[in-house]
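Residue-level listing of the chains:
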Amino acid sequence: MKSLLALGLIATAFVLSSVQSFDSAKVFRVKPHNEKQVNVMKYLASILQLNFWYPDSHLHIVREMEVDFYVSANQSNIVQTLMEKNKIQYEVLFPNLQEVIEKQVSKETNSTSRHSYTKYNEWHKISAWTARIAKKNPKLVSRIKIGNTFEKRPMYLLKVGKESGRGKAIFMDCGIHAREWISPAFCQWFLKEAIRTYGMDQNMTNILDNMNFYILPVFNIDGYIWSWTQNRLWRKSRSKTSNSDCVGVDLNRNFGVAWGTVDSSRNPCKETYCGSSAESEPETKAVTTFIRNHLSSIKAYLTVHSYSQMLLFPYGYTYDEIPDHDELNEVAKEAVQAISSLYGEEYKYGSSAITIYPSSGCSEDWAYSQGIKYSFAFELRDKGRYGFLLPESQIKPTCQEIVLAVKSIANYVLNQAL
């Protein structure tokens, strides 16, 4: 027994020592006012390890854009000196990134505590929750396996709605990028609210009587686990490529629409690595296969990200407008108004390329290319004060306001003669 205990302590020590620390790393917000300052920022990104939060690459930096990134402790002084020398406006959002990471999850949250809708949950809790909620609500919820991740974890989605629906459905996924913890929190919250208010709230009852939701609580399971156990700011999946020691694919650059063109990299070491080919990743393939097999019923696609408080629709890979631009713009406008009606939070809305920045191989563009007209991407709270490290105290209000937006979109889709 003692030897087993010793082995356990050694293993625990090994895991803890291998966790990436962000001690004394700083998060900067920079706002270049002219082309010279933009070029200085791009130059900095070429000689130093700037880890971008917004936008996701230095290639998107333009005048008057608020740019968020973090640098390690040993490079932060260089960054500050060069920005001051070039009179670039900046502020330090977090002087010690590690301290903020440690504060994000409450002390009560640990591997043995219960699943909670107002806390961030580790994957094993979410997985158990999917089975439990389907078992407790068999007339409204069912659990469907759609595939396995690269590391062979099962991918389950939850179908919520009455079988008597008119054949319409909405597909919604959360957590395609591992570090965006508020996203999976929303999918869990939405399912809870759907079940809790069915039969009590007339609007939700009408939606679920006539439409099904297919909800994927965590798209990028392997990456999500890694963000809990090894690197809080991990973005990609955990797949391995044969020609590189670098790990992971940006699953939201892996879809087969304008794949590998705008804001995606063929370099496996980059955050926006698009994979070896379109749909090369098992997670992407599981989702696209399911959607293709249910195209006759899926009328809307919703993908949930953070951060920047936006509601986006295609296209992402070109500035051209989609044929349905005016209609989707109006749907987004109504959804954003629903969001602001609760706590007054303002969300921008519009086509992805124009409203946030151009990107290719993204899920909402792919869904639209498959004939799913009502295809939207949410960017949840906040606007950068906490970024990916949104405190647990903001889970409830964030989810409450986004539920209103999803219901707004669902009502619109339900009323269309599709």
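Residues numbered from 1 in each chain as written. Predicted model: local features only at pLDDT ≥ 70, side-chain atom pairs only at ≥ 80, totals over all residues. Heavy atoms only, no water.

### Things to note about the overall build of the protein chain
- In terms of regular secondary structure, the protein chain is built from 13 helices and 12 strands.
- Relative to the 2.2 N^0.38 estimate, which gives 22 Å for 418 residues, the radius of gyration of the protein chain is 21 Å and therefore close to what a compact globule would have.
- On the principal axes, the C-alpha backbone points of the protein chain span a range of 65 × 65 × 45 Å.
- In the protein chain, which comprises 418 residues, the proportion classed as buried is 58%.
- Total accessible area on the protein chain is roughly 17,900 Å²; 51% of this is exposed by carbon and sulfur atoms. (Helix = DSSP H or I, 4+ residues; strand = E, 2+ residues; numbered from the N terminus. Rg over C-alpha atoms; globule rule 2.2 N^0.38 Å. Buried < 20%, exposed > 50% of the residue type's maximum accessible area, 1.4 Å probe, protein only. Areas by Shrake-Rupley, 256 points an atom, 1.4 Å probe, with all protein chains shown as cover.)

### Concerning the state of the cysteines
- For the structure shown, the criterion picks out 2 disulfides.
- Covalent S-S linkage joins Cys-174 and Cys-187, the inter-sulfur distance amounting to 2.1 Å. The chirality of the disulfide connecting Cys-174 with Cys-187 is right-handed, given an S-S dihedral of about 80 degrees. Remark: Cys-187 occurs in helix α6 (residues 182-197) and Cys-174 occurs in strand β7 (residues 168-174); sequence separation between them is 13 residues. Each member of the pair, Cys-174 together with Cys-187, is buried.
- The disulfide that involves Cys-246 links it to Cys-269, with 2.0 Å between the sulfurs. Where Cys-246 bonds to Cys-269 through sulfur, the torsion about that S-S bond is close to 85 degrees, and the disulfide is right-handed. Here Cys-246 is found in the loop between α8 (221-229) and α9 (282-293), whereas its partner Cys-269 is found in the loop between α8 and α9, with 23 residues between them in sequence.
- You can call Cys-246 partly exposed: its relative accessible area is 24%.
- With a relative accessible area of 45%, Cys-269 lands in the partly exposed category.
- Here the bonded cysteines of the protein chain are numbered in sequence order, and their pairing is 1-2, 3-4. (Disulfide = S-S within 2.5 Å.)

### Section: the packing of α6 against helix α7 (residues 202-210)
- The interhelical angle for the contact between α6 and α7, taken along N-to-C directions, is 100 degrees, at an axis separation of 9 Å. If you check the angle between α6 and α7, you find them roughly perpendicular. In this structure, α6 contributes Phe-190, Glu-193, Ala-194 and Thr-197 to the contact, and α7 contributes Met-204, Thr-205 and Leu-208.
- Across the contact of α6 with α7, the residue classes break down as 4 nonpolar, 2 polar and 1 charged. (Axes fitted to C-alpha atoms, helices over the stretch in contact; angles between N-to-C directions. Parallel < 35°, antiparallel > 145°, perpendicular 65-115°, else oblique. Contact = heavy atoms within 4.5 Å. Nonpolar A, V, L, I, M, F, W, Y, C, P; charged D, E, K, R; others polar.)

### Things to note about the sheet that holds strand β9 (residues 298-306)
- Judged by pairing direction, the sheet is mixed, and its 8 strands sit side by side in the order β5-β6-β8-β7-β9-β12-β10-β11 without closing on themselves. Strand pairing shows two members of the sheet lacking a second neighbour, β5 (141-148) and β11 (348-351), which therefore form its edges. Each neighbouring strand pair of the sheet contributes to a mean axis angle of 20 degrees, computed without reference to strand direction.
- Sheet analysis places strand β10 (residues 310-313) next to β11, joined by 4 bridges and oriented parallel. Across the sheet, Phe-313 pairs through a bridge with Ser-351, a residue of β11.
- Set on the sheet, α9 makes contact with β5, β6 (154-160), β7, β8 (211-216) and β9; between it and β5 the angle comes to about 130 degrees. (Pairing = 2+ DSSP bridges.)

### Structural notes on the pairing of β10
- Side chains Met-310 and Leu-312 of β10 all project onto a buried face; the interleaved residues Leu-311 and Phe-313 project onto the opposite face, where all are buried too.
- Once you follow β10 into helix α10 (residues 325-343) and on to β11, the crossover reads as right-handed.
- Pairing geometry for β10 and strand β12 (residues 374-380), over 3 bridges, is antiparallel. Within the sheet, the bridge partner assigned to Leu-311 lies in β12 and is Phe-378. (Right-handed = clockwise from strand over helix to strand, strands pointing away.)

### A closer look at α7
- Those residues of α7 not exposed but buried are Met-204, Thr-205, Ile-207, Leu-208 and Asn-210.
- Of the surrounding elements, those touching the buried residues of α7 are β6, β7, α6, β8 and α13 (395-414).

### Some points on the confidence of the model for the protein chain
- For the protein chain, the mean per-residue pLDDT works out to 93, and 93% of the residues sit at or above 70.
- Scored below 50 in pLDDT, residues 1-18 shows 2 contacts in the model against residues more than four places distant or in partner chains. (pLDDT = per-residue confidence, 0-100.)

### Some points on the packing of aromatic side chains
- Across all of its chains, the model carries 27 aromatic pairs by this definition.
- A connected cluster of aromatic rings, assembled from ring pairs, spans Phe-22, Trp-53, Tyr-70, Phe-94, Tyr-307, Tyr-386 and Phe-388.
- Sitting over the ring of Tyr-117, Lys-192 keeps its end group 5.6 Å from the ring centre. (Phe/Tyr/Trp six-rings, centres within 6.5 Å; stacked < 30°, edge-to-face > 60°. Lys NZ or Arg CZ within 6 Å of the ring centre and 35° of its normal.)

### Focus on the sheet that holds strand β2 (residues 51-54)
- Taken together, the 4 strands give an open sheet; going across it, the order is β2-β3-β1-β4, and neighbouring strands pair in antiparallel fashion. Looking at strand neighbours, the two that pair on one side only are β2 and β4 (89-94), the edges of this open sheet. Direction aside, neighbouring strands of the sheet carry axes that sit 30 degrees apart on average.
- Sheet topology note: the β2/strand β3 (residues 67-71) ladder contains 3 bridges and is antiparallel. Within β3, the position partnered with Tyr-54 by the bridge is Asp-68.

### Quick word on unusual backbone geometry
- At the junction of Ser-306 and Tyr-307, the peptide bond is cis and its omega measures out at 5 degrees in the coordinates.
- Inspection of the secondary structure puts Tyr-307 in the loop between β9 and β10.
- The amide bond that connects Pro-314 to the next residue, Tyr-315, takes the cis arrangement and shows omega of 0 degrees.
- Examined against the element boundaries, Tyr-315 turns out to sit in the loop between β10 and α10.
- Of note, Glu-64 is a non-glycine position whose phi angle comes to about 65 degrees, a positive value.
- When you line up the elements, Glu-64 lands in the loop between β2 and β3.
- According to the relative accessible area criterion, Glu-64 is partly exposed, its value standing at 42%.
- Phi is positive for Lys-87, which is not a glycine, with a value near 55 degrees.
- One can find Lys-87 in the loop between α3 (73-85) and β4.

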